[in-house]
Amino acid sequence: VGSVPFFADIVALVGATLRDEVDYTKEAANIELFGKIQRDIDFVKVPRVHKSVSTARVLVMEWIEGRSPKDLAEDGDKSKLMHLTQMAIQATIAQLLCSNTLHGDPHLGNLLYTGDGNLAYLDFGVLCRVKPNQARALLISSVHIIKKQYREFIFDLVAMEVVDEEKVSIDDVVAAFDREFSRNE
C-alpha cells in the first residue's frame, strides 16, 4: 500500500518526460539553449532550427552528415571513435562547469562524428539541469570510480541527491560496489 503513491509519482514523471520529448517547441528552445552553452567549443556542432517551418508537432532542423559511434566501431575506426569519445567527454565537462546543464540523452544514436572531425549532438527533447553541487559531485565521481574509491563515490551520489544516506547503509552500498567491480577485473 505504501508503494502506490511512489508508483504514481513514477508514472507521472514518465508521462511528463514523454510529453516533453514530443513537444517540438520545447525541443527547439532546448536546441537554441544547448547551442548557446556549446558555442565556444569549436568542435561541437548543434543543428540550426528552421523556425519558419517548425511547430509544436513538427521540428525542422539542419541536416548534419556524420557517422555514429556504432558505425565507427563496426568499421574498426578506433582512432575516430577515440577522438569522438574524447570530444564528448570534454563537451560534457564544459556543460557541467559552464552551465550546469547537460544533454539529457547522449546515447550512440544521438552523437555523430562529422566529416570534418567534429562532434554533432542530436535529439534535444531533454536537457538536464543540475545544481552546482550536483555538477561538482558528478565530475568528482568519475575520479572516484576510476580510483575504486567507492565510499567517496557513494558520498558523491548523496551530493547528487541520488542516494539518501538516511535510508541507505553506506557500508552495504560500498560492499556491493566492491563485490561487483572486483568480479569484473
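Structure's up top.
For clarity, every value in this text was computed on a predicted model and none was experimentally measured.

Visitor: Looking at this structure, I do not really get the sheet that holds strand β3 (residues 111–113). What am I missing?
Guide: The strands making up a sheet associate through backbone hydrogen bonding, with each pair oriented either parallel or antiparallel. Read across the open sheet, the three strands follow the order β1-β4-β3; overall the sheet is mixed. Looking along the sheet, the strands with just one partner apiece sit at the ends: β1 (44–45) and β3. Against the sheet, helix α4 (residues 78–99) engages β1, β3 and β4 (119–121), with an angle of about 60 degrees to β4.

Visitor: Would you explain unusual backbone geometry in this entry?
Guide: If you check the backbone angles, D123 has positive phi at about 60 degrees while not being a glycine. Within the secondary structure, D123 is located in the loop between β4 and β5 (127–129).

Visitor: I tried to follow the pattern of salt bridges on my own but got confused; where do I start?
Guide: Close approach of charged atoms lets side chains of opposite charge pair. By the definition in use, this model includes eight salt bridges. As a salt-bridge pair, D77 and R67 come within 3.5 Å of each other at their nearest N and O atoms. Note that D77 is positioned in the loop between α3 (69–74) and α4 and R67 in the loop between β1 and α3, a separation of ten residues in sequence. D77 gets classed as buried once you look at its relative accessible area, which sits at 18%. A salt bridge links E161 to K131; the nearest nitrogen and oxygen atoms lie 2.8 Å apart. On the criterion of sequence distance, the pair formed by E161 in the loop between α6 (150–159) and α7 (170–183) and K131 in the loop between β5 and α5 (132–146) is long-range, its members being 30 residues apart. Connected through shared salt-bridge partners, R67, D75, D77 and K80 make up one network.

What counts and how
Residues numbered from 1 in each chain as written. Predicted model: local features only at pLDDT ≥ 70, side-chain atom pairs only at ≥ 80, totals over all residues. Heavy atoms only, no water. Pairing = 2+ DSSP bridges. Helix = DSSP H or I, 4+ residues; strand = E, 2+ residues; numbered from the N terminus. Contact = heavy atoms within 4.5 Å. Axes fitted to C-alpha atoms, helices over the stretch in contact; angles between N-to-C directions. Salt bridge = Lys/Arg side-chain N within 4 Å of Asp/Glu carboxyl O. Buried < 20%, exposed > 50% of the residue type's maximum accessible area, 1.4 Å probe, protein only.

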